[in-house]
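One letter stands for each residue in the lines below.
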Amino acid sequence: MANIPNILLIYTGGTIGMVKDYHTNALKAFNFNQIKEKIPELNLLDCRIKTKFFDKPIDSSNMSLKYWVKIVDIIENNYDKFDGFVILSGTDTMSYTASAISFMLENLNKPVIFTGSQLPIGDLRTDAKENLITAIQIAGTQVNNKPKIVEVCLYFEYKLYRANRTTKISSSQFNAFHSHNFPPLGESGVHLAFNESLLHKADPNKNLIVRKRIEDNIVILKLFPGITKQVVQSILNITGLRGVILETYGSGNAPTDKWFIDLLKVSIKNKVPIVNVTQCINGSVLLGYYETSSILKEIGIISGKDITTESAIAKMKYLLGEGILFKDFKAIFEKPLRGEMSY
Ligand code: ASP
């Protein structure tokens, strides 16, 4: 007999949970306890929905480590009671949050689907209803009473993505997210179609491991033509700095000025890992392909390959939090752990 999936809907904040007060025109938080009254379509879905929400819902610009831990705590405490989880978040930092949660939950064998919306749920032209209803439907999709999706995903505007491959690309269009280096895992059209060969497969012999030790003291150093020694030096000299995401040009290229390379060398000598990610929205770092990246390879810069900056931040915070030693860091970072980069 088919199992009726139990879905936990977790509202953290963001536009999706807002309604317009038509007297004042202001956006105000929506009471998620009344979700089925506000969206009666949810009653038509073949699943049981329970809701939890942050006491004080946040704009996702205020997202931080403590909220990542709060989200994984809710999932961990309810893991055995539910078949799937839908996380509603503001869109602005959703790719960062969802990437981080993908690293914090190891051996996941249930779906965790992030979604949000560009217009509030109470708006006439809202995209919230479709995003929410389909995200719940995906979280409840089962094959032989087992969840079809067993990873952290982001569903938005008819596409299901591997969360740690996404980037927010638009502040105005409904099509607000994209996965530039990896195809969508599914698409919602007349039917809900999954890209079967790309989906993670559950390993029933492995139990969920929740990783909550996260290192916050890292930095993104974005290169631009004419960047000065003083700027690079002050960034790399941040007290207690534990890691650097270096946003380079093209396939991982950077200036070859001696002062620049010398500063990077000092950080590496001080056991601060530096990961090279490209500023291009599509494509991969190929260290050594041009002369302007050969030197980076020689001095021990780590290749982020085709990882997004959002995911690189999350992966670095996670690996440093786990206490990975500097000597092992490069080899571990350069391997895909949750499908966040290509081999
Ligand atoms: N500023 C909002 C947030 O990220 C935007 C949104 O929800 O889409 O929380």
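Structure first, text after, so check above.
So, how was this worked out
- Residues numbered from 1 in each chain as written.
- Predicted model: local features only at pLDDT ≥ 70, side-chain atom pairs only at ≥ 80, totals over all residues.
- Heavy atoms only, no water.
- Near = heavy atom within 4 Å.
- Polar contact = N/O pair within 3.5 Å; in protein donor to acceptor, adjacent residues only side chain to side chain.
- Areas by Shrake-Rupley, 256 points an atom, 1.4 Å probe, with all protein chains shown as cover.
- Nonpolar A, V, L, I, M, F, W, Y, C, P; charged D, E, K, R; others polar.
- Patch = residues over 30% accessible without salt bridge, like charges linked within 9 Å, V, L, I, M, F, W, Y side chains within 5 Å.
- Salt bridge = Lys/Arg side-chain N within 4 Å of Asp/Glu carboxyl O.
- Helix = DSSP H or I, 4+ residues; strand = E, 2+ residues; numbered from the N terminus.
- Buried < 20%, exposed > 50% of the residue type's maximum accessible area, 1.4 Å probe, protein only.
- Core = buried A, V, L, I, M, F, W, Y, C linked by side-chain atoms within 4.5 Å.
- Contact = heavy atoms within 4.5 Å.
- Phe/Tyr/Trp six-rings, centres within 6.5 Å; stacked < 30°, edge-to-face > 60°.
- Lys NZ or Arg CZ within 6 Å of the ring centre and 35° of its normal.

Engineer: Just to check I follow, could you spell out the site of the ligand for this structure?
Structural biologist: Contacts to the ligand come from G14, T15, D59, S60, G90, T91, D92 and S117. Here a nitrogen atom of the ligand and a side-chain polar atom of D59 are 2.9 Å apart. Surface burial for the ligand is 88%, taken as the share of its 260 Å² of free accessible area covered by protein chains. In terms of residue class, the shell around the ligand is made up of no nonpolar, six polar and two charged.

Engineer: Help me understand a nonpolar patch on the surface, please; the structure alone is not making it clear to me.
Structural biologist: On the surface, L286, Y289 and Y290 cluster together to form a nonpolar patch covering roughly 360 Å² of accessible area. Within the secondary structure layout, Y289 lies in the loop between β19 (274–278) and α7 (291–298). For Y289, a relative accessible area of 60% corresponds to the exposed category.

Engineer: How do you make sense of the nonpolar core when you look at a structure like this?
Structural biologist: Where a protein is soluble and globular, its nonpolar side chains tend to be buried together. With 51 residues, the main nonpolar core has I75, I101, V112, F114 and F333 as its most contacted residues. With residues up to four places along the chain from it excluded, the contact list for V112 reads I75, F85, I87, L105, E151, V152 and C153.

Engineer: Which parts of the structure should I look at to understand the packing of aromatic side chains?
Structural biologist: Applying the stated criterion to the full structure yields eight aromatic pairs. With a centroid separation of 6.3 Å and 0° between ring planes, the pair formed by Y79 and F85 is classed as stacked. The pair formed by Y79 and F85 is uniform in burial state, with each residue classed as buried. Where F82 meets F85, the ring centres are 6.3 Å apart and the plane angle is 55°; that geometry is what we call tilted. In this pair, the class of F82 matches that of F85, namely buried. A network of ring pairs unites the aromatic residues Y79, F82 and F85 as a single cluster. The aromatic ring of F54 is capped on one face by K70, whose charged end is 4.6 Å from the ring centroid. For the cation-ring pair, K315 lies above F333, with the distance from its terminal atom to the ring centre recorded as 4.7 Å.

Engineer: So what exactly am I meant to see when it comes to the side chain of N131 here?
Structural biologist: Among the structural elements, N131 can be located in helix α4 (residues 128–139). We classify N131 as buried; its relative accessible area is 0%. In contact with N131, other than residues within four places in its own chain, are T115, G116, S117, Y155, F156 and E157.

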